[in-house]
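# Structural features, examined
Take a look at the letters that make up each chain.
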Amino acid sequence: MRVKHHYYYEAKAYLISFLEKNKISYKVSDLPESKNKLCTFDLYEDQEAYRNFRNQFFFLSKNDSIKSIEYSKKEIESAEWLTVRSMNTKVQWEYEEKAFRKTCFYKRLFIKELYYRHSEQVDILSVTKTVKWGAKQYFSGPNAADDLLFCSEKAKGLLNNRWIGLEFWPVKKYNSSEYCSDL
């Protein structure tokens, strides 16, 4: 596992000099409606250049990077847990109360509605619009900030019987008894 930081700063001469001195590849882009330029580059926490960067540019916040984790193929194949996150939102799904079992309710001060700590899908979800999958796209997220993941038949075929504990549910067309194909 390697931790990668994707940085984005204004392209200043001292920053470019540091990147070139440490042989770090970078890209300089024009900022729209501005005379300034943006410098973007990636550093891994296990690199000497990352430590040099943190020492020399200590005044820059650690929050000025987009942090991500990269796993080797061997690590992924031997993993006990699989986490998949969608990078886009294409599926328009409709919330139906009967599709979820909610437990551990609580109330918030001055609000009449109940809130729940846990929610488990117990019935089939419904969508109003089907997905047109791309050539290299197998997963898609919902049209809201929900913790759901939809996949194509190809993704199901690739993952099925590879990891214990995966379960695939069909998806219905909203207000219909028909199932969506390839979802």
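This structure is a prediction, so every number in the text was calculated from the model and none was measured.

The antiparallel open sheet is built from four strands, whose spatial order is S2-S3-S1-S4. This sheet does not close on itself; its edge strands, each paired only once, are strand S2 (26–30) and strand S4 (65–70). On average, each strand axis in the sheet is inclined to that of its neighbour by 20°, with strand direction left out of account. Two elements, strand S1 (residues 2–10) and S4, share six bridges in a ladder whose sense is antiparallel. Bridge pairing in S4 places His 5 opposite Lys 67. Sitting on the sheet, helix H1 (residues 13–21) touches S1, S2 and strand S3 (37–44), and the angle it makes with S3 is about 35°.

Turning our eyes to something else, we now look at the pattern of salt bridges. According to the stated counting rule, one finds eight salt bridges in the structure shown. Of the charged contacts, one joins Arg 2 and Asp 46 as a salt bridge, the two residues approaching to 3.0 Å between their closest N and O atoms. With Arg 2 in strand S1 and Asp 46 in the loop between S3 and helix H2 (48–56), the pair connects residues that are 44 residues apart, well separated along the chain. A salt bridge links Lys 173 to Glu 178; the shortest N-O distance between them is 3.4 Å.

This paragraph deals with the packing of aromatic side chains. Scanning the entire structure with this criterion turns up 14 aromatic pairs. Summarising the aromatic geometry, the rings of Phe 18 and Phe 53 are spaced 5.8 Å apart at their centres and angled 50° between planes, so their arrangement reads as tilted. Of this pair, Phe 18 sits in helix H1 while Phe 53 sits in helix H2, and the two are 35 residues apart along the sequence. Side by side, Phe 18 and Phe 53 carry an identical accessibility label, which is buried. A centroid spacing of 5.0 Å and a plane angle of 35° characterise the contact between Phe 53 and Phe 57, whose relative ring orientation is tilted. A relative accessible area of 3% places Phe 57 in the buried class. Among the aromatic side chains, those forming a connected cluster through ring pairs are Tyr 7, Tyr 9, Tyr 14, Phe 18, Phe 41, Phe 53 and Phe 57. Seen from the ring of Tyr 106, Arg 117 lies directly overhead, with NZ or CZ sitting 4.4 Å from the centre.

The rules we used
Residues numbered from 1 in each chain as written. Predicted model: local features only at pLDDT ≥ 70, side-chain atom pairs only at ≥ 80, totals over all residues. Heavy atoms only, no water. Pairing = 2+ DSSP bridges. Helix = DSSP H or I, 4+ residues; strand = E, 2+ residues; numbered from the N terminus. Axes fitted to C-alpha atoms, helices over the stretch in contact; angles between N-to-C directions. Contact = heavy atoms within 4.5 Å. Salt bridge = Lys/Arg side-chain N within 4 Å of Asp/Glu carboxyl O. Phe/Tyr/Trp six-rings, centres within 6.5 Å; stacked < 30°, edge-to-face > 60°. Buried < 20%, exposed > 50% of the residue type's maximum accessible area, 1.4 Å probe, protein only. Lys NZ or Arg CZ within 6 Å of the ring centre and 35° of its normal.

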